[in-house]
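So the chains spell out like this:
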Amino acid sequence: MQNKTYSAALIGTGRIGYSLGLDKKREQPASHSMALNAEKRIKLVAGCDINAENLEKWHRANRQAKAFATTEELFKSQNFDIITVAVNEDAHLKTALEAIAAKPRLLILEKPVALNMSDGLAIKRAAEAASVPVLVNHERRFAKDYAKAKTLVPTIGELQSVHASLMSGLRVYSEKEEETGAYSLIHDGTHLVDIVRFLLDDPVLENPNIFGIFKSDDGAVRNVSAQYQTEQGASVVFDFSGRSKFFGFEIVLTGTLGRISIGNGIAKLERRRSSKLYTGFYSLTKENGHFPKKTGYFANMVKNAADFLDGTAPLKSTLDTGLAALKMLEDIKESL
Ligand SMILES: NC(=O)c1ccc[n+]([C@@H]2O[C@H](COP(=O)([O-])OP(=O)(O)OC[C@H]3O[C@@H](n4cnc5c(N)ncnc54)[C@H](O)[C@@H]3O)[C@@H](O)[C@H]2O)c1
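Residues numbered from 1 in each chain as written. Predicted model: local features only at pLDDT ≥ 70, side-chain atom pairs only at ≥ 80, totals over all residues. Heavy atoms only, no water.

J.: Which parts of the structure should I look at to understand the site of the ligand?
T.: Residues in contact with the ligand amount to 23 residues; listed here are only the nearest, Asp-49, Asn-54, Glu-89, His-92 and Glu-139. Ile-50 places a polar main-chain atom, nitrogen or oxygen, 3.5 Å from a nitrogen atom of the ligand. In the environment of the ligand, an oxygen atom lies 2.7 Å from a nitrogen or oxygen atom belonging to the side chain of His-92. Here the residues of the shell around the ligand sort into 7 nonpolar, 10 polar and 6 charged. (Near = heavy atom within 4 Å. Polar contact = N/O pair within 3.5 Å; in protein donor to acceptor, adjacent residues only side chain to side chain. Nonpolar A, V, L, I, M, F, W, Y, C, P; charged D, E, K, R; others polar.)

J.: Is there a simple way to explain the packing of aromatic side chains in this structure?
T.: In this description, an aromatic ring pair is defined by two values, namely the gap between the centres and the angle between the planes. Per the stated rule, a full pass over the model turns up 5 aromatic pairs. Seen from their ring centres, Tyr-278 and Phe-281 are 5.8 Å apart, and the 65° between their planes marks the pair as edge-to-face. Here Phe-281 falls in the exposed class, since its relative accessible area comes to 53%. Grouping aromatic residues by their ring pairs yields a cluster made of Tyr-228, Phe-238 and Phe-240. (Phe/Tyr/Trp six-rings, centres within 6.5 Å; stacked < 30°, edge-to-face > 60°. Buried < 20%, exposed > 50% of the residue type's maximum accessible area, 1.4 Å probe, protein only.)

J.: Before we go on, may I ask you to explain the pattern of salt bridges in this structure?
T.: Two side chains carrying opposite charge are able to pair once their charged atoms lie near each other. Evaluation of the coordinates by the stated rule reveals 22 salt bridges. Its salt-bridge partner being Glu-53, residue Lys-57 comes within 3.6 Å of it at the nearest N-O pair. Of this pair, Lys-57 and Glu-53 both sit in helix H2 (residues 52–61), 4 residues apart, which is roughly one turn of the helix. Residue Lys-57 is classed as partly exposed on the basis of its relative accessible area, which comes to 40%. Measuring nitrogen to oxygen at the nearest pair gives 3.9 Å for the salt bridge that ties Arg-105 to Asp-81. Of the two residues, Arg-105 is situated in the loop between helix H4 (92–101) and strand E5 (106–110) and Asp-81 in the loop between helix H3 (71–77) and strand E4 (82–85); the sequence distance between them amounts to 24 residues. The exposure class of Asp-81 is buried, given its relative accessible area of 14%. Overlapping salt bridges bring together Glu-39, Arg-41, Lys-303, Asp-307 and Asp-310 as one network. (Salt bridge = Lys/Arg side-chain N within 4 Å of Asp/Glu carboxyl O. Helix = DSSP H or I, 4+ residues; strand = E, 2+ residues; numbered from the N terminus.)

J.: What is the right way to read the packing of helix H6 (residues 144–152) against helix H8 (residues 189–199) from this model?
T.: The description of two packed helices rests on the angle between their axes and on the distance between the axes. Two numbers describe how H6 lies on H8: the axes approach to 9 Å, and their chain directions differ by 45°. By the angle between their axes, H6 is oblique relative to H8. Together, Tyr-146, Ala-147, Ala-149 and Lys-150 of H6 and Ile-195, Phe-198 and Leu-199 of H8 make up the contact between the two elements. When the residues that make up the contact of H6 with H8 are grouped by side-chain class, the tally is 6 nonpolar, no polar and 1 charged. (Axes fitted to C-alpha atoms, helices over the stretch in contact; angles between N-to-C directions. Parallel < 35°, antiparallel > 145°, perpendicular 65-115°, else oblique. Contact = heavy atoms within 4.5 Å.)

J.: Is there a simple way to think about the confidence of the model for the protein chain in this case?
T.: Any residue range with low pLDDT should be treated as having predicted coordinates unsuitable for detailed reading. Of the residues in the protein chain, 99% reach a pLDDT of 70 or more, and the chain-wide mean stands at 97. Here helix H7 (residues 184–187) stands out as the least confident element of the protein chain, with mean pLDDT 96; E4 is the most confident, with 99. (pLDDT = per-residue confidence, 0-100.)

J.: I'm lost on the sheet that holds strand E7 (residues 159–167) in this one. Help?
T.: In any sheet, the strands associate via hydrogen bonds between backbone groups, in a parallel or an antiparallel arrangement. Taking strand neighbours across the sheet as the criterion, the 8 strands line up as E8-E9-E10-E7-E11-E12-E13-E14 in an open arrangement whose pairing is mixed. This sheet does not close on itself; its edge strands, each paired only once, are strand E8 (209–215) and strand E14 (282–287). Taken pair by pair, the neighbouring strands of this sheet meet at an average axis angle of 15°, ignoring direction. Bridge count for strand E11 (residues 248–255) against strand E12 (residues 258–263) is 5 bridges, and the pairing is antiparallel. Looking across to E12, one finds that Val-252 is bridged to Ser-261. Strands E8, strand E9 (221–229) and strand E10 (235–241) of the sheet are contacted by helix H10 (residues 319–334), whose axis makes an angle of about 120° with E9. (Pairing = 2+ DSSP bridges.)

J.: How should the domain arrangement of the protein chain be read in this particular structure?
T.: Quite often, the size of an interface is put as the accessible area lost when its parts meet. In terms of domains, the protein chain is made up of domain 1 (6–140 + 297–318) and domain 2 (144–295). Put simply, the middle of domain 1 and the middle of domain 2, counted by C-alpha atoms, are 28 Å apart. Each partner contributes to the interface: domain 1 provides 14 residues, whereas domain 2 provides 18 residues. Buried surface at the junction of domain 1 and domain 2, summed over both partners, amounts to about 1400 Å²; 47% is from carbon and sulfur atoms. Counting the surface domain 1 buries against domain 2, the share from its top three residues, Leu-115, His-138 and Arg-140, is 48%. Linking domain 1 with domain 2 are 0 salt bridges. On the surface where domain 1 and domain 2 come into contact, there are 8 residue pairs in polar contact (both at pLDDT 80 or more). Taken together, the residues that form the side of domain 1 that touches domain 2 break down as 4 nonpolar, 4 polar and 6 charged. (Domains from an automatic or database assignment. Buried area = accessible area lost by both parts, 1.4 Å probe.)

J.: So what exactly am I meant to see when it comes to the nonpolar core here?
T.: If you look at soluble globular proteins, the nonpolar side chains tend to sit buried side by side. Of all hydrophobic cores here, the largest spans 96 residues; its most connected members are Leu-74, Val-113, Phe-238, Phe-240, Ile-251, Leu-253 and Ile-260. For Phe-240, the residues in contact, after removing those within four places along its chain, are Leu-166, Val-172, Leu-185, Gly-189, Leu-192, Val-193, Arg-222, Asn-223, Val-224 and Ile-332. (Core = buried A, V, L, I, M, F, W, Y, C linked by side-chain atoms within 4.5 Å.)

J.: Any chance you could explain the pairing of E9 here in plain terms?
T.: Within E9, 7 of the 9 residues are buried, leaving the element largely enclosed by the surrounding structure. Pairing analysis gives 5 bridges linking E8 to E9, with the strands arranged antiparallel. The residue of E9 that forms the bridge with Phe-214 is Asn-223. Hairpin remark: E8 followed by E9, antiparallel, with 5 residues in the connecting loop; positive phi at Gly-219, about 90°. With 7 bridges connecting them, E9 and E10 associate as antiparallel partners. Bridging from a neighbouring strand, Val-224 pairs with Phe-240 of E10. With antiparallel pairing between neighbouring strands as the criterion, E9 and E10 make up a hairpin whose turn holds 5 residues, including Gly-233 at a positive phi of roughly 95°.

Below is the structure:
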């Protein structure tokens with residue numbers, strides 16, 4: 001039995017750092033603070049935010065920890081086993097580099113790795129030079145429903161196609177937002193391409209065929225689709241919409257014998273059975289009981305961090321998988 005306790009510091013006490021953990025509709029824990037506090041092997045000892053109001057709200061709920069208004073003060077205070085970086089996209093590079101220089105035993109970095117590949121590779125170089133391992137919080141890699149979907153892929157025959165879609169009201173891409181990262185291709189698109197790669201065993205997907213581009217009057221891209229082909233010949237299509245008046249995130253994998261649908265609020269397996277509609281035909285029939293209700297997405301991420309530090313598990317979401325997702329998004333961006 002391990003009885004080691006790992007000290008953790010959280011940089012960025014906003015939504016994913018703290019307040020999403022108060023959302024009653026979300027499966028909890030849903031924030032870094034709540035997930036770190038729930039893991040017995042970890043002690044959250046410090047938090048840091050440049051926004052005094054966010055820091056104060058967080059500190060009121062985390063009195064056991066010290067609060068710091070700057071990263072300089074935070075890093076001067078002590079060394080940490082884990083540093084979690086949950087700041088806005090435009091501060092990932094600077095904060096990740098500062099955190100790496102403080103030499104934690106593990107850096108947990110929010111997605112996307114960075115605003116672009118150049119920044120992402122700078123983080124990779126620094127992490128390698130300082131021998132700091134990095135876990136990227138592409139949280140679906142830790143969720144039990146996606147893990148189950150992955151184990152079911154071989155049961156639907158030969159994979160023919162994957163159709164992944166992200167639908168929201170946020171612009172898909174705008175050059176004007178390059179510096180802020182306030183566009184869905186990078187914001188949630190990183191989750192979509194990452195989890196498709198996970199489901200397919202992390203293939204290299206490159207040279208996309210780009211189609212279906214729709215731009216609004218301000219020049220922002222509101223729709224775009226990108227198609228790839230796997231080495232085994234399956235078509236992989238991503239649809240990004242930024243003019244939907246709802247949020248949708250779903251992936252449909254169709255094989256020669258069945259279909260898996262997985263996403264936000266969806267987890268379904270259908271396999272071929274003798275058709276109830278036509279004699280001599282087969283139809284897809286839903287099979288119940290395959291997917292867990294509770295996914296453990298955030299708790300399992302933090303568990304993976306502690307297991308990694310215990311030396312009992314590899315990281316399940318790495319800087320390399322994070323950068324592979326970023327590279328795909330950059331390829332799409334370059335075609336727009
Ligand atoms: N994994 C997920 O599903 C998920 C969900 C939401 C957000 N995110 C990611 O988490 C990150 C934060 O997003 P959010 O929605 O929590 O944003 P947010 O604006 O709610 O919180 C970010 C916090 O970081 C602080 N901050 C910014 N620069 C800082 C700096 N240099 N030093 C210290 N603090 C700094 C801000 O003051 C703010 O309180 C983004 O990268 C976002 O993409 C991930």
